[in-house]
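Examination of the molecular architecture
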Amino acid sequence: MAPESAGVVIGEDGLARPAWAATDPLMRNYYDQEWGMPVTDEQGLYERICLEGFQAGLSWATILRKRPAFRAAFAGFDPEAVALFSNADVERLLQDQGIIRNRLKILATVKNAQATLELRNDGGLVDFVWGFRPDSTPEPRVAAEIPTQSAESIALSKALRKRGFSFVGPTTMFALMEAVGIVDTHLLASHRRGSSGVWQV
């Protein structure tokens, strides 16, 4: 691996990535194939909201490693199925060593499923979340220039909370917006900058 240049690390494949995506193969594959690409289906967006909530206070690598177990535990993040989870399901999940066993986060996943179904009466989750896309996106050269929240992520957080969602704070929602392509915070020198097709580069 070559030394950092313009905030990125040049990998053995000659591609420039931020430091967080440069070493762990799981994180590198996630960065190269998934992170920052538009998520425009209800189930996919619901899953991302829940996983970002579970990530709070933990590393994203931990969540990625556990994602298959999360999907098994939460019915593939089908909001219709999870919305019907009972107290017995919650207790069962608290014994599931494959996931993050946090009662509040598990309850939030069920609550967020119910709120997702409610939003179908008002345009749906995808249009609701993507409605907070800003007029411009950051253009960071180094990681320190990437914001951790924005006016739009603060507004999205408030709007989702009003609709019954939880674990959707402004920082968590900015991370969501980065992950699903609503903003592009790829470093300018990264080989993935502009890959979402949402923003002109």
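The structure this text deals with has already been given above.
What comes next concerns the included structure. (Residues numbered from 1 in each chain as written. Predicted model: local features only at pLDDT ≥ 70, side-chain atom pairs only at ≥ 80, totals over all residues. Heavy atoms only, no water.)

Right, let's talk about the overall build of the protein chain for a bit. In terms of regular secondary structure, the protein chain is built from 9 helices and 3 strands. A compact globule built from 201 residues should have a C-alpha radius of gyration of about 17 Å, and the protein chain, at 17 Å, falls within 12% of that. Here the C-alpha coordinates of the protein chain stretch approximately 50 × 35 × 25 Å along the principal axes. Looking at the protein chain as a whole, 50% of its 201 residues are labelled buried. Counted over contacts in the protein chain with a minimum sequence separation of 6, partners at least 24 positions apart contribute 63%. Separation of charge centres in the protein chain, based on 21 positive and 24 negative side chains, amounts to 5 Å. (Helix = DSSP H or I, 4+ residues; strand = E, 2+ residues; numbered from the N terminus. Rg over C-alpha atoms; globule rule 2.2 N^0.38 Å. Buried < 20%, exposed > 50% of the residue type's maximum accessible area, 1.4 Å probe, protein only. Contact = heavy atoms within 4.5 Å. Lys, Arg positive; Asp, Glu negative; His and termini not counted. Charge placed at Lys NZ, Arg CZ, Asp CG, Glu CD.)

Next up on the list: the nonpolar core. Counting residues in each nonpolar core, the largest one holds 54 residues, and the members touching the most others are Leu45, Phe70, Phe74, Ile106, Leu125, Val129 and Leu160. Only helix H1 (25-33), helix H2 (42-55), helix H3 (60-73), helix H5 (87-93), helix H6 (103-119), helix H7 (125-130), helix H8 (151-162) and helix H9 (170-179) provide two or more residues apiece to this core. Apart from the residues within four sequence positions on either side, leucine 160 is in contact with Leu125, Phe128, Phe165, Val168 and Met173. (Core = buried A, V, L, I, M, F, W, Y, C linked by side-chain atoms within 4.5 Å.)

Following the criterion strictly, the structure yields 1 cavity of 30 Å³ or more and no others. Considered as a void within the structure, the largest cavity measures approximately 30 Å³ in volume. For the largest cavity, the full set of lining residues is Ile49, Cys50, Gly53, Phe54, Lys105, Ala108, Thr109, Asn112, Ser166 and Phe167. (1 Å grid on protein atoms, 1.4 Å probe; cavity = no way out; pocket = protein on both sides within 12 Å on 5 of 7 lines; lining within 4 Å. Points joined across faces, edges and corners; volume = space filled by probe spheres on them.)

Attention now moves to unusual backbone geometry. Of note in this structure, alanine 75 is not a glycine but carries a positive phi near 50°. With respect to the secondary-structure elements, alanine 75 resides in the loop between H3 and helix H4 (79-82). Located in the positive-phi region is phenylalanine 167, a residue other than glycine, with phi close to 55°. Its location among the elements puts phenylalanine 167 in the loop between H8 and H9. What makes phenylalanine 167 partly exposed here is its relative accessible area of 33%.

Unoccupied space between atoms shows up once a probe the size of one water molecule is rolled over them. By volume, the largest pocket is sized at about 290 Å³. Trp20, Ile146, Pro147, Thr148 and Glu178 are, among the 19 residues lining the largest pocket, the residues nearest its centre. Broken down by secondary-structure element, the contributors of at least two residues to the lining of the largest pocket are H2 and H9. Tallying contributions element by element places H9 first for the lining of the largest pocket, with 5 residues. Looking at side-chain class alone, the lining of the largest pocket contains 11 nonpolar, 6 polar and 2 charged residues. Roughly 240 Å³ of internal volume is contained in the second largest pocket. Around the second largest pocket, the lining is made up of 13 residues, and of these Trp35, Glu52, Gln55, Trp60 and Ala175 lie nearest the centre. Put simply, the parts of the chain that give the lining of the second largest pocket at least two residues each are H1, H2, H3 and H9. Per-element tally for the lining of the second largest pocket: the top contributor is H9, with 3 residues. Counted by class, the lining of the second largest pocket contains 9 nonpolar, 2 polar and 2 charged residues. (Nonpolar A, V, L, I, M, F, W, Y, C, P; charged D, E, K, R; others polar.)

Right, let's get into the packing of H1 against H3. The interhelical angle for the contact between H1 and H3, taken along N-to-C directions, is 85°, at an axis separation of 10 Å. Taken together, the axes of H1 and H3 are roughly perpendicular relative to one another. Side by side, H1 and H3 meet where Leu26, Met27 and Tyr30 of the first sit next to Trp60, Ala61, Leu64 and Arg65 of the second. (Axes fitted to C-alpha atoms, helices over the stretch in contact; angles between N-to-C directions. Parallel < 35°, antiparallel > 145°, perpendicular 65-115°, else oblique.)

A separate point is the pattern of salt bridges. Side chains that differ in charge, positive against negative, can pair when their charged atoms come close. Throughout the structure, instances matching the rule amount to 14 salt bridges. Its salt-bridge partner being arginine 48, residue glutamate 34 comes within 2.7 Å of it at the nearest N-O pair. Pair noted here: glutamate 34 is in the loop between H1 and H2 and arginine 48 is in helix H2, with a separation of 14 residues, a long-range link. Residues arginine 163 and aspartate 122 are paired through a salt bridge, measuring 2.5 Å at the closest nitrogen-oxygen approach. Of the two residues, arginine 163 is situated in the loop between H8 and H9 and aspartate 122 in the loop between H6 and H7; the sequence distance between them amounts to 41 residues. (Salt bridge = Lys/Arg side-chain N within 4 Å of Asp/Glu carboxyl O.)

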